[in-house]
2 protein chains.
Amino acid sequence: TETGRRTKRARKGPKPCSLHEIELTVSELGLGYESDETVRFRYCSGKCIHERRNYDFVMEHMQLNNGSSEKGRRGRDNGKKDKARYAPCCRPTKFEKKMSFFDNKDRFYTIQNVSARACGCV
Amino acid sequence: TETGRRTKRARKGPKPCSLHEIELTVSELGLGYESDETVRFRYCSGKCIHERRNYDFVMEHMQLNNGSSEKGRRGRDNGKKDKARYAPCCRPTKFEKKMSFFDNKDRFYTIQNVSARACGCV
């Protein structure tokens, strides 16, 4: 719930960029394969605001990343969007090379760069 | 204007991530130094949508980066925000080690990691 989320956030502060994991079916990956096999999808999520450098502060000051239509909205966004925009990105620094599965017609597939293996503020 | 921007975008397509340069005074960097010396600030800007991998498509499908409050807004954003969110980030891969200048009281400063030296979709 909204209340629960707020409480949690207030207690812990914004979570730093890290690797997360969920279990889902291959179909749920949304890549177009029909398979009820479950896989572990690891992804990167969290904030990188503590890893900002002078570059990011200048970018924030100049609003160089902002489209003209967004400039006026900055104040209303309560800083949330801008923090993400003017900070390093929480992204995979390594991917799992392969993910293999059988689809529901027993065809074998191997797909690449699906799941993250390590995350970083880049 | 909105019309001008659309025309430009339709003609050229979204610009890929690359290094840009502007000349400004040290004061204009917004880092707190008062100096009318001009410096070249290089920064990274542009799209990385052509460098998406399976990971990014899964993230888009799962909306794992979306806060619950933003989910409902997705359709209205015309895809712009989501493209940025579910693609690699256009970020500096190298920084200029140093930027040196005198402030308006003739004090000498050297600051680091201000200007980008190379960009990439990370």
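Residues numbered from 1 in each chain as written. Chains lettered and ligands numbered in written order. Predicted model: local features only at pLDDT ≥ 70, side-chain atom pairs only at ≥ 80, totals over all residues. Heavy atoms only, no water.

Caption draft 1: Expanded view of the side chain of B:D103. All names here are of chain B. Note on placement: D103 falls in the loop between strand 4 (98-102) and strand 5 (108-112). When its relative accessible area of 7% is taken as the criterion, D103 is described as buried. Engagement of the side chain of D103 in a polar contact is seen with the backbone nitrogen of K105, the distance being 2.9 Å. Apart from residues no more than four positions distant in its own chain, D103 is found in contact with E34, S35 and Y109. (Helix = DSSP H or I, 4+ residues; strand = E, 2+ residues; numbered from the N terminus. Buried < 20%, exposed > 50% of the residue type's maximum accessible area, 1.4 Å probe, protein only. Polar contact = N/O pair within 3.5 Å; in protein donor to acceptor, adjacent residues only side chain to side chain. Contact = heavy atoms within 4.5 Å.)

Caption draft 2: How the structure looks around the state of the cysteines. Evaluated as defined, the whole model comprises 7 disulfides over all chains. In this model, A:C48 is linked to A:C121 through a disulfide, with the two sulfur atoms separated by 2.1 Å. Here the disulfide of A:C48 and A:C121 is left-handed, its torsion about the S-S bond being about -85°. Residue A:C48 is located in the loop between strand 2 (38-45) and helix 2 (54-62), and its partner A:C121 is located in strand 6 (residues 116-121); the two are separated by 73 residues in the primary sequence. For A:C48, a relative accessible area of 4% corresponds to the buried category. Look at A:C121 and you get partly exposed, because its relative accessible area is 21%. B:C17 shares a disulfide with B:C90; S-S distance 2.1 Å. Linking B:C17 and B:C90, the disulfide has an S-S dihedral of approximately 80° and is accordingly described as right-handed. With B:C17 in the loop between helix 1 (2-12) and strand 1 (18-25) and B:C90 in strand 3 (residues 90-95), this pair connects stretches of sequence that are 73 residues apart. (Disulfide = S-S within 2.5 Å.)

Caption draft 3: Representation of the pattern of salt bridges. Counting across every chain of the model gives 14 salt bridges over all chains. Across the salt bridge formed by A:D103 and A:R107, the nearest N and O atoms sit 3.0 Å from each other. Residue A:R107 is classed as partly exposed on the basis of its relative accessible area of 44%. The salt bridge involving B:R40 is made with B:E23; its shortest N-O contact spans 3.8 Å. Of the two residues, B:R40 is situated in strand 2 (residues 38-45) and B:E23 in strand 1; the sequence distance between them amounts to 17 residues. Note on B:R40: relative accessible area 47%, which makes it partly exposed. Here the salt bridges do not stand alone but share partners, grouping A:E21, A:E23, A:R40, A:R42 and A:E96 into one network. (Salt bridge = Lys/Arg side-chain N within 4 Å of Asp/Glu carboxyl O.)

Caption draft 4: Up close: the side chain of B:S35. All names here are of chain B. Among the secondary structure elements, S35 is positioned in the loop between strand 1 and strand 2. Within the local environment of S35, its side chain forms a polar contact with the backbone oxygen of F102, the two atoms lying 2.7 Å apart. Look past the residues within four positions of S35 in its chain and what remains in contact with it is T25, V26, S27, F101, F102, D103 and N104.

Caption draft 5: Representation of the environment of B:S27. All names here are of chain B. Checked against the element boundaries, S27 lands in the loop between strand 1 and strand 2. We classify S27 as partly exposed; its relative accessible area is 28%. With residues up to four places along the chain from it excluded, the contact list for S27 reads Y33, E34, S35 and D36. A polar side-chain atom of S27 sits 2.8 Å from the main-chain amide nitrogen of S35.

Caption draft 6: A look at the confidence of the model for chain A. Residue and element names in this part refer to chain A. Averaged over chain A, the pLDDT score is 81; the fraction of residues at 70 or greater is 72%. Per-element mean pLDDT across chain A ranges from 38 in helix 3 (residues 68-71) up to 98 in strand 5 (residues 108-112). Low confidence marks residues 1-5, where pLDDT is under 50. Its contacts with residues over four positions away, or in another chain, come to 2 contacts. Predicted confidence is poor over residues 66-84, with pLDDT under 50, and the contacts of this stretch with residues over four places away or in other chains come to 19 contacts. (pLDDT = per-residue confidence, 0-100.)

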